[in-house]
Amino acid sequence: MNGKLFPYLDVEPRRYRFRVLNASNGRFYYFSLSNGKTFYQIGGDQGLLPAPVPLKGLALAPAERADLLIDFHGQGGRSIVMKSDAYTIMQFRVASSGTRETSSFPATLRPVRKTAETEAVRTRLLRLGEVDDPDMYPIRMLLNETRWRAPVSENPVLDSVEIWSFVNVTDDSHPIHLHLVRFQILDRRPFDVFTYLNFRQVRYTGPPIPPSANEAGWKDTVRADPFMVTRIIVKFEKFSGRYVWHCHILEHEDNEMMRPYDVLRRA
């Protein structure tokens, strides 16, 4: 759809699979179909989900990906729009007839083994913050209150498992992306921002919220919502060396919201 004015796709009245990437610099999308029909998500950032997830709407942050199944059966001769709130994203023009559908719809896909929290050898508390000017406009975005060129502070050991907890004290939702690895989302939980900013204590104000069903697969980008602690569990495997983690909103990562991390070989 990039660069297209009123993009459309001619389709037949059958099932299609779409690979969707949010490549916008900062916009979050909330996809739905104009006919109100259910569609299915079968995959995420790094592969298939355990089972298809029926959806009426899909939220996708910058850099997140989704594999979708959209069924145009019974829609012959109609035009259906994929939209995001008030924005028209793409139009599907459904032919009156077409190829006979021969595929079957699976009840399960690929098992995803849950990484147990007991496997983690370390938990890191990482602040997502910003520095404002006197008029309260953000002038610098920081990860863990640290600039890009500061010494590396995250140095997991090769083949170890860690829990990274992103403490978001900003008004923005940040899509946090880790290079090299894949991870699983554990939960999101509201906390008292005042207590954290003044006493550096995380005081939770509600129960943990598990990831939605369509976040149950392998991820490399996670939406860290405002005034929430978002926890991921990640294994740093296969390669040692220096990599980066950052917010995937372009204006944020270009404004210091990016940090290097080192994967160290075992002694």
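The residue numbers shown here count from 1 along each chain, following its written sequence. Per-residue local features of the predicted model are confined to residues with pLDDT of at least 70, and side-chain atom pairs are confined, for both listing and counting, to 80 or more; whole-chain, interface and lining totals are unaffected and use all residues. Side-chain metrics rest on all non-hydrogen atoms present in the structure, leaving aside hydrogens and water.

A word on the sheet that holds strand β6 (residues 58-60)
For two strands to count as paired, DSSP must find a minimum of two bridges between them. Only DSSP runs of H or I reaching four residues or more are called helices, and only runs of E reaching two or more are called strands; each is numbered from the N terminus. Strands sit in the order β1-β9-β8-β3-β6 across an open sheet of five strands; the sheet is mixed. Of all the strands in the sheet, just β1 (8-11) and β6 have a single pairing partner and so form its edges. Adjacent strand axes in the sheet meet at a mean angle of 25 degrees, parallel and antiparallel pairs treated alike. Examined bridge by bridge, strand β8 (residues 79-84) and strand β9 (residues 87-94) share six bridges and lie antiparallel to one another. Note on β9: the bridge partner recorded for S84 is Y87. Angular values range over 0 to 180 degrees, each being the angle between N-to-C directions of two axes fitted as lines to C-alpha atoms, with helices fitted over their stretch in contact.

As for the nonpolar core
Counting residues in hydrophobic clusters, the biggest one holds 26 residues, and the most contacted among them are W164, F166, I176, L178, W245 and Y261. When near neighbours in sequence (up to four residues on either side) are disregarded, W245 contacts L126, L143, E154, W164, F166, I176, H177, L178, M258, R259, P260 and Y261. Counting residues in hydrophobic clusters, the runner-up holds 23 residues, among them Y16, L58, L68 and I70. Residues belong to one nonpolar core when they are buried, are Ala, Val, Leu, Ile, Met, Phe, Trp, Tyr or Cys, and are joined through side-chain atoms within 4.5 Å. Working definition: with a 1.4 Å probe on protein chains only, accessible area under 20% of the residue-type maximum means buried, over 50% means exposed, and in between means partly exposed. Every residue pair with non-hydrogen atoms within 4.5 Å of one another is taken to be in contact.

Overview of the sheet that holds strand β17 (residues 241-247)
Reading across from one edge, β15-β13-β17-β18 is the order of the four strands in this open sheet, with antiparallel pairing throughout. Of all the strands in the sheet, the pair left with one neighbour each is β15 (221-224) and β18 (258-263). If you compare each strand with its neighbour and ignore which way they point, the axes differ by 25 degrees on average. Across four bridges, the pairing between strand β13 (residues 174-178) and β15 is antiparallel. Across the sheet, P175 pairs through a bridge with R223, a residue of β15.

Regarding unusual backbone geometry
With a phi close to 50 degrees, F6 is a non-glycine residue in the positive phi region. Here F6 shows up in the segment before β1. A positive phi angle, near 80 degrees, is found at L180, a position not held by glycine. On the secondary structure map, L180 appears in the loop between β13 and β14 (183-190).

Here's the deal with the layout of surface pockets
By volume, the largest pocket is sized at about 520 Å³. Buriedness for pockets is judged along seven lines, at least five of which must meet protein on both sides within 12 Å for an open set on the 1 Å grid over protein atoms alone, while cavities are sets there where a 1.4 Å probe fits but cannot get out, and lining residues have an atom within 4 Å of a point. Along the wall of the largest pocket there are 25 residues; nearest its centre are M1, N2, L21, F31 and I89. Looking at the lining of the largest pocket, the elements with two or more residues in it are β2 (15-21), β3 (29-33), β7 (65-71) and β9. The biggest single contributor to the lining of the largest pocket is β9, with five residues. In the scheme used here, Gly and all other residues not listed as nonpolar or charged are polar, with Ala, Val, Leu, Ile, Met, Phe, Trp, Tyr, Cys and Pro taken as nonpolar and Asp, Glu, Lys and Arg as charged. Partitioned by chemical class, the residues of the lining of the largest pocket number 17 nonpolar, five polar and three charged. Grid points are joined across faces, edges and corners, and a volume is the space filled by probe spheres set on the points.

Examining the pattern of salt bridges
Opposite charge on two side chains allows them to pair when their charged atoms are near. For salt bridges, the criterion is a side-chain nitrogen of Lys or Arg within 4 Å of an Asp or Glu carboxyl oxygen. Here the structure, examined in full by the defined rule, presents 18 salt bridges. Residue R231 is joined to E117 by a salt bridge in which the shortest nitrogen-to-oxygen separation is 3.0 Å. Of this pair, R231 sits in strand β16 (residues 228-236) while E117 is found in the loop between β9 and β10 (122-132), placing the two residues 114 residues apart along the sequence. For R231, a relative accessible area of 15% translates into the label buried. Residue classification places E117 among the partly exposed residues on the basis of a relative accessible area of 40%. One salt bridge in this structure joins R188 and E215, with 2.8 Å as the shortest N-O distance. Placement of the pair is R188 in strand β14 and E215 in the loop between α1 (193-199) and β15, with a sequence separation of 27 residues. Assessed through its relative accessible area of 5%, R188 is described here as buried. Bridged by salt links that share partners, the residues R188, E215, R223 and D225 form one connected network.

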